[in-house]
Amino acid sequence: MQSLRELYKIGIGPSSSHTYGPMKIAERIKSLYPDMEKVHVDLYGSLSLTGKGHLTDKIMQKTFAPVPCDFSFKSGELPYHPNGMLVTVYCGGEALKPIEAYSIGGGEIYFKGDLEEEKVEIYPHHTMREVIDYCENEGLSLYDYVLRFEDENFKEYLFEVLEAMFTCVENGLHTQGILQGSLQLKRVAGSMYQQALNTHHEMAQERLFIASYAYAVSEENADGHMIVTAPTCGASGVLPAILYYAHHQMGLKKRDLVKALAIGGLYGNTVKYNATIAGADGGCQAEVGTACAMASASMAWINELNNSLVDYAAEMGLEHNLGLTCDPVGGYVQIPCIERNALAALRAYDAAMLAGQLGYVRKNKVPFDTVVRVMKETGKDLNVAYKETSLGGLAKELK
(Lines give C-alpha, C1' and ligand atoms only; values in the text may rest on other atoms or scores of the structure.)
Protein backbone atom coordinates (compact mmCIF):
# COMPACT_ATOMS: atom_id res chain seq x y z
CA MET A 1 0.00 0.00 0.00
CA GLN A 2 1.06 3.60 -0.57
CA SER A 3 1.96 6.14 2.08
CA LEU A 4 -0.83 7.70 4.10
CA ARG A 5 0.36 10.98 2.59
CA GLU A 6 -1.45 9.77 -0.56
CA LEU A 7 -4.66 9.30 1.46
CA TYR A 8 -4.64 12.43 3.61
CA LYS A 9 -4.19 15.38 1.26
CA ILE A 10 -4.74 18.99 2.24
CA GLY A 11 -6.60 20.46 -0.71
CA ILE A 12 -9.75 22.23 -1.81
CA GLY A 13 -13.35 21.14 -2.27
CA PRO A 14 -15.91 20.36 -3.31
CA SER A 15 -14.75 17.05 -4.83
CA SER A 16 -11.45 15.21 -4.67
CA SER A 17 -12.22 13.36 -7.89
CA HIS A 18 -13.94 16.18 -9.78
CA THR A 19 -12.05 19.24 -8.50
CA TYR A 20 -8.81 18.40 -6.74
CA GLY A 21 -7.78 15.60 -9.12
CA PRO A 22 -8.52 17.58 -12.32
CA MET A 23 -6.58 20.50 -10.85
CA LYS A 24 -3.56 18.24 -10.37
CA ILE A 25 -3.93 16.89 -13.91
CA ALA A 26 -3.94 20.43 -15.27
CA GLU A 27 -0.94 21.40 -13.13
CA ARG A 28 1.12 18.50 -14.45
CA ILE A 29 0.22 19.09 -18.09
CA LYS A 30 0.95 22.80 -17.73
CA SER A 31 4.40 22.01 -16.31
CA LEU A 32 5.14 19.63 -19.19
CA TYR A 33 4.09 22.09 -21.92
CA PRO A 34 5.09 25.60 -20.78
CA ASP A 35 4.69 26.94 -24.35
CA MET A 36 1.13 25.74 -24.86
CA GLU A 37 -1.17 28.14 -26.67
CA LYS A 38 -4.54 26.68 -25.80
CA VAL A 39 -6.12 23.53 -24.35
CA HIS A 40 -9.24 21.55 -25.12
CA VAL A 41 -10.62 19.04 -22.60
CA ASP A 42 -13.09 16.26 -23.38
CA LEU A 43 -14.74 15.08 -20.15
CA TYR A 44 -16.23 11.58 -19.95
CA GLY A 45 -18.35 9.52 -17.59
CA SER A 46 -19.02 11.03 -14.18
CA LEU A 47 -16.78 14.01 -14.94
CA SER A 48 -19.02 14.84 -17.89
CA LEU A 49 -22.33 14.24 -16.12
CA THR A 50 -21.60 16.11 -12.86
CA GLY A 51 -18.51 18.14 -13.75
CA LYS A 52 -20.33 21.49 -13.83
CA GLY A 53 -21.85 21.06 -10.39
CA HIS A 54 -18.50 19.89 -9.05
CA LEU A 55 -16.69 22.83 -10.72
CA THR A 56 -14.40 20.61 -12.83
CA ASP A 57 -14.34 23.06 -15.73
CA LYS A 58 -13.83 26.09 -13.49
CA ILE A 59 -10.86 24.66 -11.59
CA MET A 60 -9.13 23.48 -14.77
CA GLN A 61 -9.67 26.81 -16.48
CA LYS A 62 -8.24 28.57 -13.44
CA THR A 63 -5.24 26.23 -13.33
CA PHE A 64 -4.41 26.53 -17.04
CA ALA A 65 -4.82 30.33 -17.01
CA PRO A 66 -3.80 32.50 -18.72
CA VAL A 67 -3.83 29.81 -21.41
CA PRO A 68 -7.43 29.52 -22.74
CA CYS A 69 -9.15 26.21 -22.04
CA ASP A 70 -12.50 25.00 -23.39
CA PHE A 71 -14.52 21.86 -22.75
CA SER A 72 -16.74 19.25 -24.34
CA PHE A 73 -18.95 17.06 -22.17
CA LYS A 74 -19.03 13.63 -23.80
CA SER A 75 -21.31 10.62 -23.43
CA GLY A 76 -19.88 7.26 -22.45
CA GLU A 77 -16.76 6.41 -20.47
CA LEU A 78 -13.09 5.94 -21.16
CA PRO A 79 -11.87 2.39 -20.49
CA TYR A 80 -9.81 2.72 -17.30
CA HIS A 81 -12.13 4.56 -14.88
CA PRO A 82 -15.44 6.50 -14.91
CA ASN A 83 -13.61 9.76 -14.12
CA GLY A 84 -11.72 10.14 -17.39
CA MET A 85 -10.70 12.92 -19.75
CA LEU A 86 -8.80 13.55 -22.96
CA VAL A 87 -6.69 16.71 -22.89
CA THR A 88 -5.54 18.15 -26.22
CA VAL A 89 -2.69 20.66 -26.03
CA TYR A 90 -2.00 23.09 -28.89
CA CYS A 91 1.59 24.18 -29.51
CA GLY A 92 2.88 26.03 -32.57
CA GLY A 93 -0.61 26.06 -34.02
CA GLU A 94 -0.76 22.25 -34.01
CA ALA A 95 -2.84 19.88 -31.86
CA LEU A 96 -0.66 17.37 -30.04
CA LYS A 97 -1.73 13.79 -29.35
CA PRO A 98 -4.56 13.81 -26.76
CA ILE A 99 -3.46 12.98 -23.22
CA GLU A 100 -5.65 10.35 -21.56
CA ALA A 101 -5.92 11.12 -17.84
CA TYR A 102 -8.06 9.95 -14.94
CA SER A 103 -9.01 11.26 -11.52
CA ILE A 104 -9.47 8.02 -9.63
CA GLY A 105 -10.60 9.23 -6.20
CA GLY A 106 -9.17 10.94 -3.15
CA GLY A 107 -7.25 13.39 -5.32
CA GLU A 108 -5.18 10.63 -6.91
CA ILE A 109 -4.60 10.86 -10.65
CA TYR A 110 -3.50 8.45 -13.37
CA PHE A 111 -2.10 9.10 -16.84
CA LYS A 112 -2.39 6.49 -19.56
CA GLY A 113 0.56 5.80 -21.84
CA ASP A 114 3.76 7.85 -21.93
CA LEU A 115 2.95 9.89 -18.82
CA GLU A 116 2.04 6.93 -16.63
CA GLU A 117 3.93 6.85 -13.32
CA GLU A 118 4.60 3.81 -11.16
CA LYS A 119 2.98 3.91 -7.71
CA VAL A 120 5.39 3.71 -4.81
CA GLU A 121 4.26 1.23 -2.17
CA ILE A 122 5.81 1.46 1.29
CA TYR A 123 3.59 -0.92 3.26
CA PRO A 124 4.34 -4.62 2.67
CA HIS A 125 0.88 -5.74 3.87
CA HIS A 126 -2.34 -5.36 1.92
CA THR A 127 -5.14 -6.37 4.30
CA MET A 128 -5.94 -5.43 7.88
CA ARG A 129 -5.67 -9.08 8.89
CA GLU A 130 -2.07 -9.09 7.65
CA VAL A 131 -1.38 -5.80 9.44
CA ILE A 132 -2.85 -6.92 12.76
CA ASP A 133 -1.09 -10.30 12.63
CA TYR A 134 2.21 -8.56 11.92
CA CYS A 135 1.66 -6.17 14.84
CA GLU A 136 0.92 -9.06 17.20
CA ASN A 137 4.01 -10.99 16.08
CA GLU A 138 6.24 -7.92 16.35
CA GLY A 139 4.72 -6.53 19.53
CA LEU A 140 3.70 -3.30 17.79
CA SER A 141 0.74 -0.99 18.23
CA LEU A 142 -1.07 -0.01 15.05
CA TYR A 143 0.42 3.48 15.38
CA ASP A 144 3.95 2.10 15.72
CA TYR A 145 3.27 0.00 12.64
CA VAL A 146 2.58 3.18 10.66
CA LEU A 147 5.73 4.87 11.93
CA ARG A 148 7.83 1.82 11.05
CA PHE A 149 7.08 2.20 7.34
CA GLU A 150 6.52 5.94 6.85
CA ASP A 151 9.37 8.45 6.59
CA GLU A 152 10.99 10.20 9.56
CA ASN A 153 8.93 13.37 9.06
CA PHE A 154 5.58 11.63 8.97
CA LYS A 155 4.61 12.41 12.56
CA GLU A 156 4.94 16.12 11.77
CA TYR A 157 2.78 15.59 8.69
CA LEU A 158 0.05 14.03 10.84
CA PHE A 159 0.07 17.12 13.07
CA GLU A 160 -0.23 19.27 9.96
CA VAL A 161 -3.21 17.23 8.76
CA LEU A 162 -4.88 17.37 12.18
CA GLU A 163 -4.43 21.14 12.39
CA ALA A 164 -5.91 21.54 8.90
CA MET A 165 -8.92 19.44 9.91
CA PHE A 166 -9.48 21.48 13.06
CA THR A 167 -9.11 24.76 11.19
CA CYS A 168 -11.73 23.58 8.73
CA VAL A 169 -14.14 22.72 11.57
CA GLU A 170 -13.65 26.12 13.17
CA ASN A 171 -14.02 27.99 9.88
CA GLY A 172 -17.25 26.16 9.19
CA LEU A 173 -18.66 26.84 12.65
CA HIS A 174 -18.03 30.57 12.30
CA THR A 175 -19.26 31.06 8.73
CA GLN A 176 -22.86 31.85 7.83
CA GLY A 177 -24.69 32.42 4.59
CA ILE A 178 -25.72 30.45 1.51
CA LEU A 179 -23.60 27.78 -0.16
CA GLN A 180 -22.55 28.45 -3.74
CA GLY A 181 -24.66 26.90 -6.50
CA SER A 182 -28.27 26.84 -7.62
CA LEU A 183 -29.57 24.85 -4.63
CA GLN A 184 -29.18 27.95 -2.40
CA LEU A 185 -28.62 25.76 0.66
CA LYS A 186 -28.23 27.64 3.94
CA ARG A 187 -25.25 26.91 6.19
CA VAL A 188 -26.42 25.46 9.52
CA ALA A 189 -23.27 24.24 11.32
CA GLY A 190 -22.98 27.35 13.48
CA SER A 191 -26.61 27.30 14.63
CA MET A 192 -26.39 23.57 15.33
CA TYR A 193 -23.31 24.18 17.47
CA GLN A 194 -25.19 26.86 19.43
CA GLN A 195 -28.03 24.40 20.00
CA ALA A 196 -25.48 21.96 21.41
CA LEU A 197 -24.14 24.60 23.80
CA ASN A 198 -27.63 25.49 25.00
CA THR A 199 -29.04 22.01 25.55
CA HIS A 200 -28.96 20.41 29.00
CA HIS A 201 -29.59 16.86 27.78
CA GLU A 202 -26.15 15.22 27.85
CA MET A 203 -26.77 12.60 25.14
CA ALA A 204 -28.43 15.10 22.81
CA GLN A 205 -25.60 17.56 23.43
CA GLU A 206 -22.78 15.17 22.53
CA ARG A 207 -24.51 14.11 19.34
CA LEU A 208 -25.25 17.69 18.33
CA PHE A 209 -21.60 18.59 18.85
CA ILE A 210 -20.45 15.74 16.58
CA ALA A 211 -23.06 16.55 13.93
CA SER A 212 -22.22 20.27 13.96
CA TYR A 213 -18.52 19.53 13.42
CA ALA A 214 -19.31 17.25 10.47
CA TYR A 215 -21.65 19.88 8.99
CA ALA A 216 -18.97 22.55 9.45
CA VAL A 217 -16.38 20.67 7.38
CA SER A 218 -18.86 19.50 4.77
CA GLU A 219 -20.20 23.03 4.28
CA GLU A 220 -16.66 24.35 3.88
CA ASN A 221 -16.04 21.64 1.30
CA ALA A 222 -19.25 22.44 -0.57
CA ASP A 223 -18.10 26.06 -0.85
CA GLY A 224 -14.78 25.03 -2.39
CA HIS A 225 -12.65 25.87 0.64
CA MET A 226 -9.69 24.08 2.21
CA ILE A 227 -10.30 20.54 3.51
CA VAL A 228 -8.44 17.27 4.04
CA THR A 229 -9.34 14.25 1.93
CA ALA A 230 -10.39 11.62 4.47
CA PRO A 231 -10.53 9.68 2.26
CA THR A 232 -12.22 12.10 -0.19
CA CYS A 233 -13.54 15.65 -0.24
CA GLY A 234 -17.16 14.49 -0.34
CA ALA A 235 -16.61 12.45 2.84
CA SER A 236 -14.20 14.90 4.49
CA GLY A 237 -16.47 15.81 7.41
CA VAL A 238 -16.71 12.42 9.10
CA LEU A 239 -13.29 11.81 10.64
CA PRO A 240 -12.60 15.45 11.64
CA ALA A 241 -15.91 15.52 13.52
CA ILE A 242 -14.86 12.56 15.67
CA LEU A 243 -11.35 13.89 16.30
CA TYR A 244 -12.53 17.43 17.10
CA TYR A 245 -15.12 16.02 19.51
CA ALA A 246 -12.47 13.87 21.19
CA HIS A 247 -10.27 16.94 21.66
CA HIS A 248 -12.84 19.47 22.82
CA GLN A 249 -15.40 17.35 24.64
CA MET A 250 -13.30 14.38 25.79
CA GLY A 251 -10.10 16.30 26.49
CA LEU A 252 -7.67 14.24 24.40
CA LYS A 253 -4.35 15.86 23.54
CA LYS A 254 -3.37 16.40 19.93
CA ARG A 255 -0.33 14.16 20.41
CA ASP A 256 -2.78 11.31 21.04
CA LEU A 257 -5.18 12.28 18.30
CA VAL A 258 -2.51 12.01 15.61
CA LYS A 259 -2.26 8.35 16.62
CA ALA A 260 -6.01 7.94 16.09
CA LEU A 261 -5.61 9.73 12.75
CA ALA A 262 -2.92 7.27 11.65
CA ILE A 263 -4.96 4.25 12.71
CA GLY A 264 -8.03 5.49 10.85
CA GLY A 265 -5.79 6.05 7.85
CA LEU A 266 -4.70 2.41 7.85
CA TYR A 267 -8.31 1.35 7.35
CA GLY A 268 -8.88 3.90 4.60
CA ASN A 269 -5.69 2.80 2.89
CA THR A 270 -6.81 -0.82 2.96
CA VAL A 271 -10.11 0.06 1.27
CA LYS A 272 -8.32 2.22 -1.28
CA TYR A 273 -5.89 -0.60 -2.16
CA ASN A 274 -8.36 -3.49 -2.28
CA ALA A 275 -11.51 -1.78 -3.55
CA THR A 276 -12.19 1.91 -4.30
CA ILE A 277 -12.80 5.22 -2.53
CA ALA A 278 -14.35 6.89 -5.60
CA GLY A 279 -18.09 7.54 -5.67
CA ALA A 280 -18.04 7.32 -9.47
CA ASP A 281 -16.64 3.81 -9.18
CA GLY A 282 -18.34 2.35 -6.11
CA GLY A 283 -21.13 4.69 -5.04
CA CYS A 284 -21.18 6.61 -1.77
CA GLN A 285 -20.42 3.42 0.17
CA ALA A 286 -16.89 3.89 -1.18
CA GLU A 287 -16.64 7.45 0.11
CA VAL A 288 -18.80 7.94 3.20
CA GLY A 289 -18.69 4.22 3.99
CA THR A 290 -14.89 4.26 4.04
CA ALA A 291 -14.84 7.51 6.03
CA CYS A 292 -17.20 5.94 8.56
CA ALA A 293 -14.90 2.91 8.90
CA MET A 294 -11.91 5.19 9.41
CA ALA A 295 -13.70 7.27 12.04
CA SER A 296 -15.03 4.13 13.76
CA ALA A 297 -11.51 2.74 14.06
CA SER A 298 -10.20 6.07 15.37
CA MET A 299 -13.00 6.34 17.94
CA ALA A 300 -12.48 2.75 19.06
CA TRP A 301 -8.79 3.46 19.66
CA ILE A 302 -9.73 6.65 21.54
CA ASN A 303 -11.98 4.45 23.71
CA GLU A 304 -8.88 2.32 24.46
CA LEU A 305 -10.13 -0.81 22.70
CA ASN A 306 -7.66 -3.48 21.58
CA ASN A 307 -6.73 -4.14 17.95
CA SER A 308 -9.41 -6.76 17.35
CA LEU A 309 -12.12 -4.45 18.69
CA VAL A 310 -10.79 -1.50 16.68
CA ASP A 311 -11.16 -3.80 13.68
CA TYR A 312 -14.68 -4.74 14.82
CA ALA A 313 -15.69 -1.06 14.98
CA ALA A 314 -14.26 -0.34 11.52
CA GLU A 315 -16.05 -3.37 10.11
CA MET A 316 -19.39 -2.12 11.45
CA GLY A 317 -18.71 1.34 10.09
CA LEU A 318 -18.27 -0.01 6.57
CA GLU A 319 -20.75 -2.89 6.68
CA HIS A 320 -23.70 -0.72 7.53
CA ASN A 321 -23.03 1.61 4.63
CA LEU A 322 -23.00 -1.18 2.04
CA GLY A 323 -25.07 -0.30 -1.00
CA LEU A 324 -25.08 3.43 -0.25
CA THR A 325 -25.69 5.26 -3.52
CA CYS A 326 -24.02 8.43 -4.78
CA ASP A 327 -26.74 10.69 -6.18
CA PRO A 328 -25.72 14.34 -5.68
CA VAL A 329 -28.60 16.67 -6.49
CA GLY A 330 -27.63 18.99 -9.33
CA GLY A 331 -24.12 17.54 -9.26
CA TYR A 332 -23.36 19.56 -6.11
CA VAL A 333 -21.70 18.00 -3.05
CA GLN A 334 -24.54 19.28 -0.86
CA ILE A 335 -27.68 17.12 -0.94
CA PRO A 336 -27.48 14.41 0.40
CA CYS A 337 -23.73 14.69 1.03
CA ILE A 338 -23.55 17.17 3.92
CA GLU A 339 -26.23 15.51 6.02
CA ARG A 340 -24.77 12.11 5.19
CA ASN A 341 -21.38 13.11 6.64
CA ALA A 342 -23.03 13.98 9.95
CA LEU A 343 -24.95 10.73 10.10
CA ALA A 344 -21.79 8.76 9.31
CA ALA A 345 -19.89 10.53 12.11
CA LEU A 346 -22.66 9.60 14.55
CA ARG A 347 -22.62 6.04 13.24
CA ALA A 348 -18.87 5.89 13.80
CA TYR A 349 -19.33 7.01 17.39
CA ASP A 350 -21.97 4.31 17.86
CA ALA A 351 -19.88 1.63 16.13
CA ALA A 352 -17.01 2.20 18.55
CA MET A 353 -19.40 1.97 21.49
CA LEU A 354 -20.99 -1.24 20.20
CA ALA A 355 -17.62 -2.84 19.49
CA GLY A 356 -16.61 -2.15 23.08
CA GLN A 357 -19.78 -3.77 24.39
CA LEU A 358 -20.27 -6.68 22.00
CA GLY A 359 -16.61 -7.55 21.52
CA TYR A 360 -16.18 -8.75 25.07
CA VAL A 361 -19.29 -10.95 24.83
CA ARG A 362 -18.78 -12.66 21.48
CA LYS A 363 -16.28 -12.74 18.64
CA ASN A 364 -17.13 -10.80 15.52
CA LYS A 365 -18.01 -13.19 12.68
CA VAL A 366 -17.46 -10.70 9.85
CA PRO A 367 -13.84 -9.67 9.16
CA PHE A 368 -13.22 -6.13 7.96
CA ASP A 369 -11.38 -7.39 4.87
CA THR A 370 -14.44 -9.43 3.89
CA VAL A 371 -16.64 -6.34 3.97
CA VAL A 372 -14.11 -4.51 1.79
CA ARG A 373 -14.42 -7.26 -0.84
CA VAL A 374 -18.21 -7.16 -0.58
CA MET A 375 -18.18 -3.38 -0.98
CA LYS A 376 -16.11 -3.70 -4.13
CA GLU A 377 -18.50 -6.27 -5.62
CA THR A 378 -21.53 -4.22 -4.59
CA GLY A 379 -20.01 -1.21 -6.33
CA LYS A 380 -19.61 -3.21 -9.52
CA ASP A 381 -23.26 -4.26 -9.35
CA LEU A 382 -24.63 -0.76 -8.71
CA ASN A 383 -26.41 0.77 -11.65
CA VAL A 384 -24.41 3.62 -13.16
CA ALA A 385 -27.27 5.99 -12.27
CA TYR A 386 -26.25 5.64 -8.62
CA LYS A 387 -22.52 6.26 -9.06
CA GLU A 388 -22.01 10.05 -9.06
CA THR A 389 -23.77 10.62 -12.34
CA SER A 390 -26.86 12.42 -10.96
CA LEU A 391 -28.99 10.22 -13.24
CA GLY A 392 -30.90 8.43 -10.47
CA GLY A 393 -32.07 8.55 -6.87
CA LEU A 394 -32.50 11.93 -5.21
CA ALA A 395 -30.70 13.65 -8.08
CA LYS A 396 -33.38 12.43 -10.50
CA GLU A 397 -36.31 13.24 -8.21
CA LEU A 398 -35.12 16.71 -7.19
CA LYS A 399 -34.11 18.17 -10.53
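- An unreviewed UniProt entry lists the chain under the name L-serine ammonia-lyase, with Catenibacterium mitsuokai given as the organism.
- Listed in UniProt under the heading Pathway (unreviewed entry), the comment for the chain reads: "Carbohydrate biosynthesis; gluconeogenesis."
- According to the UniProt record, the Sequence similarities (unreviewed entry) comment for the chain is "Belongs to the iron-sulfur dependent L-serine dehydratase family."

## Digging into the nonpolar core
Nonpolar side chains in soluble globular proteins tend to be buried together.
Inference 1: By size, the foremost hydrophobic cluster in this structure holds 100 residues, and its most contacted members are Tyr 8, Met 165 and Leu 243.
Inference 2: Per-element tally for this core: the top contributor is helix H12 (residues 284–302), with 12 residues.
Inference 3: Those residues in contact with Met 165, other than ones at most four positions away along the chain, are Tyr 8, Val 228, Ala 230, Leu 239, Pro 240, Leu 243 and Leu 261.
Inference 4: In terms of nonpolar packing, the next biggest core, distinct from the first, is built from 23 residues, Val 39, Met 60, Phe 71 and Val 87 among them.

## A word on the side chain of Glu 315
Inference 1: Here Glu 315 shows up in helix H13 (residues 307–319).
Inference 2: Here Glu 315 occupies a buried position and makes no salt bridge, while the nearest side chain of opposite charge, Arg 362, is found at 8.9 Å.
Inference 3: Excluding residues within four positions of it along the chain, Glu 315 makes contact with Asn 364, Val 366, Pro 367, Phe 368 and Val 371.

## Re the packing of H13 against helix H14 (residues 337–358)
Inference 1: Between H13 and H14, whose axes approach to 8 Å, the crossing angle comes to 130 degrees. It follows that H13 is oblique to H14 by the angle criterion. The way H13 lies across H14 gives a crossing that is right-handed. Across the interface between the two elements, Leu 309, Tyr 312, Ala 313, Met 316 and Gly 317 from H13 touch Ala 351, Ala 352, Leu 354, Ala 355 and Leu 358 from H14.
Inference 2: Among the residues forming the contact of H13 with H14, the class breakdown is nine nonpolar, one polar and no charged.

## Focus: the UniProt feature "domain: Serine dehydratase-like alpha subunit" (unreviewed entry) in the chain
Inference 1: The sites that UniProt annotates as "domain: Serine dehydratase-like alpha subunit" (unreviewed entry) are residues 150–395.
Inference 2: Span residues 150–395 is 64% helix and 1% strand, its end C-alpha atoms 41 Å apart.

## Quick word on the UniProt feature "domain: Serine dehydratase beta chain" (unreviewed entry) in the chain
Inference 1: The UniProt feature table records "domain: Serine dehydratase beta chain" (unreviewed entry) at residues 3–58.
Inference 2: The distance separating the terminal C-alpha atoms of residues 3–58 is 30 Å; by composition the span is 46% helix and 16% strand.

## Some details on the packing of aromatic side chains
Inference 1: Taken as a whole and assessed by the stated rule, the structure comprises 17 aromatic pairs.
Inference 2: Measuring from ring centre to ring centre gives 4.2 Å for Tyr 80 and Tyr 110, while their planes differ by 20 degrees; the resulting arrangement is stacked. Here Tyr 80, found in the loop between strand E3 (69–73) and strand E4 (84–91), pairs with Tyr 110, found in strand E7 (residues 108–111); they are 30 residues apart in sequence, far enough to count as distant.
Inference 3: Relative accessible area serves as the criterion here: at 39%, Tyr 80 is assigned to the partly exposed category.
Inference 4: Taking relative accessible area as the criterion, Tyr 110 reaches 12% and is therefore assigned buried.
Inference 5: Pairing Tyr 267 with Phe 368 gives two aromatic rings, centres 4.9 Å apart and planes at 85 degrees, and the pair type is edge-to-face. Remark: Phe 368 occurs in helix H15 (residues 368–381) and Tyr 267 occurs in helix H10 (residues 254–274); sequence separation between them is 101 residues. For the pair formed by Tyr 267 and Phe 368, the shared burial category is buried.
Inference 6: An aromatic cluster is defined as three or more aromatic residues linked by ring pairs; in this entry it consists of Phe 166, Tyr 193, Phe 209, Tyr 213 and Tyr 244.
Inference 7: Positioned above the aromatic ring of Tyr 20 is the side chain of Lys 24, whose terminal nitrogen or guanidinium carbon lies 5.6 Å from the ring centre.

## Looking at unusual backbone geometry
The general pattern is negative phi for most residues beyond glycine and trans for most peptide bonds.
Inference 1: In this chain, Ala 65 is followed by Pro 66 through a cis amide linkage whose omega measures 10 degrees.
Inference 2: Along the chain, Pro 66 turns up in the loop between helix H3 (56–64) and E3.
Inference 3: Backbone torsion omega between Ala 230 and Pro 231 reads 5 degrees, so that peptide bond is classified as cis.
Inference 4: Looking at the secondary structure, you find Pro 231 in the loop between strand E8 (226–228) and helix H9 (238–248).
Inference 5: The phi dihedral of Leu 55 falls on the positive side, at around 70 degrees, and the residue is not glycine.
Inference 6: Inspection of the secondary structure puts Leu 55 in the loop between helix H2 (45–50) and H3.

## Remarks on the pairing of strand E2 (residues 38–43)
Inference 1: Of all six residues that make up E2, five are buried, and the element is covered over most of its length.
Inference 2: The sheet contact formed by E2 and E4 spans six bridges and is antiparallel. Opposite Val 39, over in E4, you have Val 89 as the bridge partner.
Inference 3: As paired strands, E2 and E3 are joined by five bridges and run parallel to one another.

Analysis parameters
Residues numbered from 1 in each chain as written. Predicted model: local features only at pLDDT ≥ 70, side-chain atom pairs only at ≥ 80, totals over all residues. Heavy atoms only, no water. UniProt positions renumbered as here; feature names shortened; annotations may be inferred. Core = buried A, V, L, I, M, F, W, Y, C linked by side-chain atoms within 4.5 Å. Buried < 20%, exposed > 50% of the residue type's maximum accessible area, 1.4 Å probe, protein only. Helix = DSSP H or I, 4+ residues; strand = E, 2+ residues; numbered from the N terminus. Contact = heavy atoms within 4.5 Å. Lys, Arg positive; Asp, Glu negative; His and termini not counted. Salt bridge = Lys/Arg side-chain N within 4 Å of Asp/Glu carboxyl O. Axes fitted to C-alpha atoms, helices over the stretch in contact; angles between N-to-C directions. Parallel < 35°, antiparallel > 145°, perpendicular 65-115°, else oblique. Left-handed = near helix turned anticlockwise from the far one by under 90°. Nonpolar A, V, L, I, M, F, W, Y, C, P; charged D, E, K, R; others polar. Phe/Tyr/Trp six-rings, centres within 6.5 Å; stacked < 30°, edge-to-face > 60°. Lys NZ or Arg CZ within 6 Å of the ring centre and 35° of its normal. Pairing = 2+ DSSP bridges.

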